[in-house]
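# Fold and contact review
Given next are the chains, with one letter for each unit.
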Amino acid sequence: MSAARPGFAFLRRHPAHWVALGFGSGLAPRAPGTVGTLWAWAAFVVLERWLDDRGFVLLIALSLAVGLWACTVTARHLDVADPSAVVWDEVVAFWIVLWVLQPSGFWGQFAAFLLFRYLDAAKPGPVGWADRLWKRRPGEPIALRHGAGILFDDLVAAGCTLLFLAVWLRIWSA
């Protein structure tokens, strides 16, 4: 197992790995962030049948707290500050996008998916700033701040996605 490409044995080794690796979606050999975001979308579609707004707020808050722990532990175990296999950041951030975007149909969610993935992968503007904010320095041990950094740039990407969609919808409906 390399640090960049953990396998199923790594996933099973610690409960934090299950969460951080998006219940296995982060093990995808290509584009794990995209696969994790697709997993988040599918999970959201299932969860929205049972959760109201209060339920989603609780789910997102708990997912951020547990995710901070899980992403930090998993990054430490891999000895990589922001491993590509860690996709919990995409999961929670995209849940926020989908929840705020409701009610929306498939095409609205699909547009949000494409925009979120672009912002998360290309990291333009504020997303790039957020990504650089908590970078690991040579020789520095992986700490809670690195786990926060894993989550933070995706939360900024989610905010930018929502802002862009709100402006676009406002212009389109004018």
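Rules of the game
- Residues numbered from 1 in each chain as written.
- Predicted model: local features only at pLDDT ≥ 70, side-chain atom pairs only at ≥ 80, totals over all residues.
- Heavy atoms only, no water.
- Helix = DSSP H or I, 4+ residues; strand = E, 2+ residues; numbered from the N terminus.
- Buried < 20%, exposed > 50% of the residue type's maximum accessible area, 1.4 Å probe, protein only.
- Contact = heavy atoms within 4.5 Å.
- Areas by Shrake-Rupley, 256 points an atom, 1.4 Å probe, with all protein chains shown as cover.
- Expected span 1.5 Å × (residues − 1).
- Polar contact = N/O pair within 3.5 Å; in protein donor to acceptor, adjacent residues only side chain to side chain.
- Axes fitted to C-alpha atoms, helices over the stretch in contact; angles between N-to-C directions.
- Parallel < 35°, antiparallel > 145°, perpendicular 65-115°, else oblique.
- Left-handed = near helix turned anticlockwise from the far one by under 90°.
- 1 Å grid on protein atoms, 1.4 Å probe; cavity = no way out; pocket = protein on both sides within 12 Å on 5 of 7 lines; lining within 4 Å.
- Points joined across faces, edges and corners; volume = space filled by probe spheres on them.
- Nonpolar A, V, L, I, M, F, W, Y, C, P; charged D, E, K, R; others polar.
- Patch = residues over 30% accessible without salt bridge, like charges linked within 9 Å, V, L, I, M, F, W, Y side chains within 5 Å.
- Salt bridge = Lys/Arg side-chain N within 4 Å of Asp/Glu carboxyl O.

### Brief notes about the overall build of the protein
Of regular secondary structure, the protein possesses eight helices and zero strands. Viewed in the frame of its principal axes, the protein has a C-alpha envelope of about 55 × 35 × 30 Å. Burial status across the protein gives 44% buried among its 174 residues. In the protein, once contacts between residues fewer than 6 apart in sequence are set aside, the share between residues at least 24 apart is 69%. Summing over all exposed atoms, the protein offers an accessible surface of approximately 9,200 Å²; the carbon and sulfur share of this is 69%.

### Notes on helix 6 (residues 106-122)
Relative to the 24 Å expected for 17 residues at 1.5 Å per residue, helix 6 spans 24 Å between its end C-alpha atoms, a close match to the ideal helical length. Of all the positions in helix 6, only Gln109, Ala112, Phe113, Leu115, Phe116, Arg117, Leu119 and Asp120 are classed as buried. Lining the buried residues of helix 6 we find helix 3 (32-47), helix 5 (88-101), helix 7 (125-133) and helix 8 (144-173).

### Some remarks on the environment of Asp52
Mapped onto the fold, Asp52 is located in the loop between helix 3 and helix 4 (53-78). As for Asp52 and Ser84, which are separated by 32 residues in sequence, their C-alpha atoms are 32 Å apart. A polar contact is formed between the side chain of Asp52 and the backbone nitrogen of Gly55, at a distance of 2.8 Å.

### Some thoughts on the packing of helix 6 against helix 8
Helix 8 packs onto helix 6 with a crossing angle of 135 degrees between their chain directions and a minimal axis gap of 9 Å. Between helix 6 and helix 8, the interaxial angle falls into the category oblique. Of the two possible hands of crossing, helix 6 and helix 8 adopt the one that is right-handed. Touching Ala112, Leu115, Phe116, Leu119 and Asp120 of helix 6 are Asp153, Asp154, Ala157, Ala158, Cys160, Thr161, Phe164 and Leu165, all from helix 8.

### Here's the deal with the layout of surface pockets
In this structure, the largest pocket encloses a volume near 180 Å³. Lining the largest pocket we find 13 residues, and of these Ser84, Asp89, Glu90, Asp120 and Lys123 sit closest to its centre. Broken down by secondary-structure element, the contributors of at least two residues to the lining of the largest pocket are helix 5, helix 6 and helix 8. Ranked by residues supplied to the lining of the largest pocket, first place goes to helix 6 with three residues. Residues that form the lining of the largest pocket fall into these classes: three nonpolar, two polar and eight charged.

### So, helix 5
Given a rise of 1.5 Å per residue, 14 residues ought to cover 20 Å, and the 20 Å separating the end C-alpha atoms of helix 5 matches this to within 8%. Most of helix 5 is tucked away: 12 of the 14 residues are buried. Among all positions of helix 5, only Trp88, Asp89, Glu90, Val91, Val92, Ala93, Phe94, Trp95, Ile96, Val97, Leu98 and Leu101 are buried. Those residues of helix 5 that are buried are in contact with helix 2 (15-20), helix 3, helix 4, helix 6 and helix 8.

### Comments concerning a nonpolar patch on the surface
A cluster of nonpolar side chains, Phe164, Trp168, Leu169 and Trp172, forms an exposed patch at the surface whose accessible area comes to about 510 Å². Locating Trp168 in the fold gives a position in helix 8. We classify Trp168 as partly exposed; its relative accessible area is 42%.

### Overview of the packing of helix 3 against helix 6
Packing of helix 3 against helix 6 leaves a shortest axis separation of 11 Å and a crossing angle of 150 degrees. By the angle between their axes, helix 3 is roughly antiparallel relative to helix 6. Crossing of helix 3 over helix 6 shows right-handed handedness. Together, Gly33, Thr34, Thr37, Leu38, Trp41 and Val45 of helix 3 and Phe106, Gln109, Phe110, Phe113, Phe116 and Arg117 of helix 6 make up the contact between the two elements.

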